[in-house]
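Take a look at the letters that make up each chain.
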Amino acid sequence: MGIVFIAAGLAYGLLAPAPPVLAESPDELPPNQRLIRLDEIHEHNRTADTYWVFRGDKVYDITDWVPNHPGGEVILRAAGGSLEPYWNIFTIHQKQEVYDVLEQYFIARIDPRDLVDGKAPTGQVEDPFKNDPIRDSALIQHSERPCNSETPESELRSYITPTEKFYVRNHLWVPDLHEADSHRLTIELFDGEEVVYTVADLRKKFKEYSITATLQCSGNRRSHMTQASRPTVGLQWGVGAIGTATWTGVRLRDVLADAGLDLQDPDEDIKHLKFVGAEAYGASIPIDKAIDRHGDVLLAFSMNGQPLPRDHGFPLRVLVPGHVAARSVKWLSKIVISDEESTSQWQRRDYKCFGPNVRASHPDWDSAPAIQETPVQSAITSVRRVQADQLLDSALARVYGLEEDSVVLEGYAFAGGGRHIVRVDISPDRGHTWLQAQLQEDGAKMGASGSPDDHRAWAWRQWRAAVPATQVSGKFCVKATDDSYNVQPDTFEPTYNFRGNLANAWHRVPVSRDDRPS
Ligand code: HEM
Ligand SMILES: *[C@@H]1O[C@H](CO)[C@@H](O)[C@H](O)[C@H]1NC(C)=O
């Protein structure tokens with residue numbers, strides 16, 4: 001057998017480009033030697049049972065990847081044809097880790113008879129991102145199309161994140177919605193009946209509420225997990241995929257009641273509320289959170305007193321405080337009262353955490369719950385060396401009794417589920433010794449609703465600390481504790497998951513030369 005196999009390879013090498021002759025079936029050849037005509041690839045389009053794509057002169061059978069694709073079913077647009085025009089548009093793919101994924105599905109080369117200059121004709125597709133808004137240049141961009149940009153550390157120091165510097169996490173394009181008042185929200189009741197409200201109706205009919213709430217992407221600090229542990233699939237966010245704003249809108253529970261849902265005694269089979277965005281994104285939350293009078297879920301139309309910017313969901317988004325931001329669906333167009341979770345990629349697959357041993361290729365998707373409330377998190381956003389004379393009389397110097405050159409640290413801490421941050425610990429020496437940070441003004445009390453006493457602490461707490469420069473060695477660490485005494489893991493390995501979700505190990509920042517004792 002082995003000899004026949006080698007002979008087949010040699011025959012191919014000598015006789016190329018004619019198809020090899022010695023094999024009984026082309027399927028037995030290694031992918032490099034299999035040749036496929038373009039017409040056959042075209043047949044493996046989205047209407048077929050198996051999906052093929054090509055890139056350059058290589059053909060890939062991506063059928064098994066489709067359910068694993070972080071971008072969801074939009075991938076099927078490319079089935080039966082070239083990936084290239086799509087990857088030129090969806091720039092998130094232009095990196096080695098994505099090319100590596102693709103190579104796993106390599107099945108054949110395109111028959112040279114169909115190639116022009118060594119490549120198959122790729123064709124043109126329309127750019128769905130052409131009407132995306134222009135973004136603030138201070139944002140740190142991780143991908144352009146879709147736009148994924150984080151807030152720079154300097155802008156994480158204000159309690160309310162400046163609107164135009166608020167991180168942008170888009171899964172697809174920004175839909176072209178320009179009329180606020182006439183935008184329609186359809187609510188599908190459990191019996192299938194639909195009730196429609198325009199944004200103007202919502203404003204007229206229901207009482208307005210404002211809450212100050214932090215939104216955090218499930219990938220916040222993913223880059224720290226990658227650096228400390230192993231590669232993760234996903235955007236490599238730093239500490240800035242988080243921000244706090246005051247959101248104004250109407251209460252979702254009021255709207256659901258008006259539409260016909262019995263809030264006191266809902267049908268027992270009702271378990272979830274699905275949200276659909278105008279661009280195709282979808283996610284869901286448990287019904288109990290949606291109708292809880294202390295849940296504070298809003299249908300929001302403004303952010304920090306202004307209409308929502310297009311990147312943040314204009315003209316209408318859901319705001320689910322205390323839950324991972326992926327559930328606060330933007331450009332809201334439909335709500336479905338349901339007995340099951342949203343069937344979207346972002347509910348059933350992407351935003352989940354698996355054990356450190358589970359590999360990206362074969363997770364048992366249904367074995368893990370979708371991320372809803374998030375665990376306790378903290379980060380250092382600023383490290384400053386301060387001379388003794390500059391420190392004199394400052395509040396920090398008094399609190400910490402400092403009279404010498406010191407290092408001032410600042411950052412944020414946040415827990416999901418309305419859990420209040422009760423303590424933030426700082427170590428100037430890799431975790432050997434600790435001191436307590438000063439928690440800044442308690443933002444949780446500032447919103448119209450949301451307070452620590454009834455587990456409605458929806459916003460982060462910022463903190464400051466100062467340590468004598470002589471005590472600094474190795475790395476600064478921060479960890480926070482919430483009011484259920486949840487703590488952050490000290491290292492990333494135990495909570496490593498291949499998607500790099502919920503990266504919340506202690507944040508460690510190396511001590512720079514300037515911060516060391518002189
Ligand atoms: C076999 C081909 C493909 C592979 C291997 C692939 C792989 C990936 C990977 C690894 C990501 C995550 C990137 C990250 O978060 O850093 C991603 C995201 C994405 N992909 Fe693909 N992709 C493919 C084809 C496509 C096509 C053809 C489209 C569009 C027509 C597409 C649309 C998207 C979108 C919109 C996202 C972003 C999703 C999000 O932000 O959550 N992909 N893809
Ligand atoms: C899609 O595939 C089917 C067969 O699977 C084929 O009949 C049809 O022509 C293909 N469409 C295109 C546009 O190639």
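Residues numbered from 1 in each chain as written. Chains lettered and ligands numbered in written order. Predicted model: local features only at pLDDT ≥ 70, side-chain atom pairs only at ≥ 80, totals over all residues. Heavy atoms only, no water.

**Student:** In this structure, what is going on with the packing of aromatic side chains? I would like to understand it.
**Tutor:** Both the distance between ring centres and the angle between the ring planes are used here to describe each pair of aromatic rings. Applying the stated criterion across every chain yields a total of 16 aromatic pairs. Between the aromatic rings of Phe-166 and Tyr-167, the centroid separation amounts to 5.5 Å while the plane-to-plane angle is 20°, which identifies the pairing as stacked. With relative accessibility at 1%, the residue Phe-166 sits in the buried group. Seen from their ring centres, Phe-354 and Phe-498 are 5.9 Å apart, and the 15° between their planes marks the pair as stacked. Taken together, the residues span a long stretch of sequence, with Phe-354 in the loop between helix H9 (345-348) and strand E18 (377-386) and Phe-498 in the loop between strand E24 (475-482) and strand E25 (507-510) at a distance of 144 residues. (Phe/Tyr/Trp six-rings, centres within 6.5 Å; stacked < 30°, edge-to-face > 60°. Buried < 20%, exposed > 50% of the residue type's maximum accessible area, 1.4 Å probe, protein only. Helix = DSSP H or I, 4+ residues; strand = E, 2+ residues; numbered from the N terminus.)

**Student:** Hey, could you run me through the pairing of strand E9 (residues 194-198) in this one?
**Tutor:** Consecutive residues of a regular strand have side chains that alternate between opposite faces of the sheet. Relative to E9, strand E8 (residues 184-188) runs antiparallel, the two sharing 5 bridges. What sits directly across from Thr-186, in E9, is Val-196. The turn joining E8 and E9, which pair antiparallel and follow one another in sequence, is formed by 5 residues; a positive phi near 95° is taken by Gly-192. (Pairing = 2+ DSSP bridges.)

**Student:** Looking at this structure, how should I read the site of ligand 2?
**Tutor:** Looking at ligand 2, the residues that line it are His-42, Glu-43, Asn-45, Thr-47 and Ala-48. Taking Glu-43, its main chain carries an N or O atom lying 2.8 Å from an oxygen atom of ligand 2. Contacts to ligand 2 include Asn-45, whose side-chain N or O atom sits 2.5 Å from an oxygen atom. When isolated, ligand 2 has an accessible area of 360 Å², and the protein chains bury 37% of it. The residue inventory of the shell around ligand 2, partitioned by class, reads 1 nonpolar, 3 polar and 1 charged. (Near = heavy atom within 4 Å. Polar contact = N/O pair within 3.5 Å; in protein donor to acceptor, adjacent residues only side chain to side chain. Areas by Shrake-Rupley, 256 points an atom, 1.4 Å probe, with all protein chains shown as cover. Nonpolar A, V, L, I, M, F, W, Y, C, P; charged D, E, K, R; others polar.)

**Student:** Help me out: how do you make sense of helix H4 (residues 96-103) in this one?
**Tutor:** In an α-helix, one full turn covers 3.6 residues, which means residues spaced three or four apart are oriented alike. Of the positions making up H4, those classed as buried are Val-98, Val-101 and Leu-102. One side of H4 holds all its buried residues, which, seen down the axis, span an arc of 100°. Looking at the buried residues of H4, the elements they touch are strand E2 (52-55), strand E3 (58-61), helix H3 (84-89) and strand E4 (106-110). (Arc of directions from axis to C-beta. Contact = heavy atoms within 4.5 Å.)

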